[in-house]
Amino acid sequence: MRRCRVFTREDIDSIPELQALSRDHRETMKAVSWVFPFRVNEYVIRELIDWSAAPEDPLYRLVFPQPGMLLPGQLSEIQGLTSRGVSEEELEQAARQIQLTLNVHPAGQKALNVPWMDGRPLPGVQHKYRETLLFFPAAGQSCHSYCTYCFRWAQFTRPDRFRFESHETSSLLRYLQLHREVNSVLITGGDPLVMRTKVLRRYVEPLLDPSLDHIRSIRFGTKSLSYWPYRFVSDPDADDLLRLFEEIRSTGRHVALMAHVSHPRELETPVVRQAIRRIQGAGAVIRTQSPIVRGVNDDADSWATLWRTQVQLGLVPYYMFVARDTGAQHYFKLPLAEALDVYNGAFRQLSGLGRTARGPVMSATPGKVLVTGVSRVAGEDVFVLQFLQGRDPDWVGRPFFARFDPQAAWLDELRPAFGESEFFFESRFREIKAALAAGQVSRRSPPALSAGPTPKPPAPTYSWNRHIQKS
Ligand SMILES: *Cc1c(COP(=O)(O)O)cnc(C)c1O
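Please read all numbers here as calculations on a predicted model, not as lab measurements. (Residues numbered from 1 in each chain as written. Predicted model: local features only at pLDDT ≥ 70, side-chain atom pairs only at ≥ 80, totals over all residues. Heavy atoms only, no water.)

Engineer: Sorry if this is basic, but what is going on with the side chain of Gln-329 here?
Structural biologist: Here Gln-329 lies in helix α12 (residues 329-332). Residue class for Gln-329 comes out buried when judged on its relative accessible area of 12%. In contact with Gln-329, other than residues within four places in its own chain, are Ala-323, Arg-324, Ala-409 and Trp-410. (Helix = DSSP H or I, 4+ residues; strand = E, 2+ residues; numbered from the N terminus. Buried < 20%, exposed > 50% of the residue type's maximum accessible area, 1.4 Å probe, protein only. Contact = heavy atoms within 4.5 Å.)

If you want it as structure tokens, here you go:
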């Protein structure tokens, strides 16, 4: 079994590969990592990064803090403090002040997405789109390594009020019993697969309760396939994890791993290939998604290779996201127009099997907005946009138009085309926000449905599957 050795800010000087870079570079990296959490494991260092290309290597940039992630003034402030040798508390305090300016919870995640039950917000849950519920188990709020561009980075920094938490699978269960419109539960984090399988089971097994037969699919959002494929191969509880996937399947539900894969190299090592075969053997489908990020995967050939390799391996390309308006977005973002060029440049190289890839997609406050293309309509250059998911399901499937702007990088930087004063969804969105702000009144009393005591989940009826082979 391989042990997962990890390095954080304190260990920057003890990563042998880093010693080839200048001392200056390492010191800057330390300064940046006060603000942006840094964690990398040995697998990523040894097997994914091409050290002959560092610091320009895309996989290096994926995990090691970059000087440009802080604005010049912020960087010099932190560096000034470190060179004066101030206390850790003082540094943390200064870092926190910078973090607070970085839009830690984009897209109304706290105010607009957290549902209410029994007069209280339900921690650890987001219910933004009718059919899909996001669940953030408290024990899954970390990752095997951290991506520099992570939009959930706030969950990894100290103040607990930034964390989504839930120890309450019982309240999740009750909420789902009351919400029969939900058919998919997406367990996410952090990375829920950092949890040991026996902990993960405590969250998953209640979802298999017969009272929840409207839940047709269970998904796990994860970067473990890329950052620690041994999770599925040789960790002590790897077999048990695959058994858990089979148990979900045996209840008639779909199991999907929503794998975050940023760069084709993540799918190249022998152990990741073995992990993929084992996951598939357990009956789970791997779907893949990633943001498009400057310096990491901002070219069409990289995405074409990524998606072609996925099709070859039986993975299903899902979303290409636009870097969100949080954290070091100023450093990693691409204008929508450029992201669209990359998407099209890659998409055109695929057979139909790879064309399940959708993007560029903004996971924005009103919904998931797809940039369909750029066109010229009635003499005006426009972005053609479309909701893939909306806070109001009626918004989906109705193309709408924004003035073309080569610099715009997020929905709120776009203006309606054709002299309109606002986009079609905005007045309805104001109503929705007002209703949510009005103290969640309508949600205080859920539909009269006897909640009763929760029946125990059935004994697992799975049988050991011959497809799971010992590694
Ligand atoms: C993307 C997302 C989902 C899942 O959407 P699908 O289109 O079903 O994959 C659910 N909730 C939130 C808040 C999301 O951003």
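Engineer: It is not clear to me how the packing of helix α1 (residues 23-35) against helix α4 (residues 72-83) should be interpreted in this structure. Could you clarify?
Structural biologist: The angle between the axes and the distance between the axes are what describe a pair of packed helices. The geometry of α1 relative to α4 is characterised by a closest axis approach of 9 Å and an angle of 105° between their N-to-C directions. Compared by their axis directions, α1 and α4 come out roughly perpendicular. Contact residues: Thr-28, Ala-31, Val-32, Trp-34 and Val-35 in α1; Leu-75, Ile-78, Gln-79 and Thr-82 in α4. (Axes fitted to C-alpha atoms, helices over the stretch in contact; angles between N-to-C directions. Parallel < 35°, antiparallel > 145°, perpendicular 65-115°, else oblique.)

Engineer: Help me understand unusual backbone geometry in this model?
Structural biologist: Leaving glycine aside, a negative phi is the common case for residues, and trans is the common case for peptide bonds. Cis geometry marks the peptide bond from Ala-54 to Pro-55, where omega comes out at 5°. Its location among the elements puts Pro-55 in the loop between α2 (42-48) and α3 (58-63). The amide bond that connects Gly-359 to the next residue, Pro-360, takes the cis arrangement and shows omega of -15°. Within the fold, Pro-360 resides in strand β12 (residues 358-363). At Ala-378, a residue that is not glycine, the phi angle is positive and equals roughly 50°. For Ala-378, the position within the fold is in the loop between β13 (367-377) and β14 (380-390).

Engineer: Help me out: how do you make sense of the sheet that holds strand β6 (residues 132-135) in this one?
Structural biologist: What holds strands together in a sheet is hydrogen bonding between their backbones, with the strands either parallel or antiparallel. Pairing is mixed in the open sheet, where 11 strands are placed in the order β5-β6-β7-β8-β9-β10-β11-β12-β13-β14-β15. Looking at the sheet topology across the chains shown, the edges are occupied by β5 (125-129) and β15 (400-403). Strand-to-strand twist of the sheet, defined as the mean angle between neighbouring strand axes without regard to direction, takes the value 30°. Relative to strand β9 (residues 254-260), strand β8 (residues 217-222) is paired through 6 bridges, and the arrangement is parallel. Looking across to β9, one finds that Ser-217 is bridged to His-254. In this fold helix α9 (residues 238-250) packs onto β8 and β9, with an angle of close to 135° to the strand it touches most, β9. Its contacts with the sheet place helix α13 (residues 336-347) against β10 (285-292), β11 (316-322), β12, β13 and β14, and it is angled at close to 150° to β12. (Pairing = 2+ DSSP bridges.)

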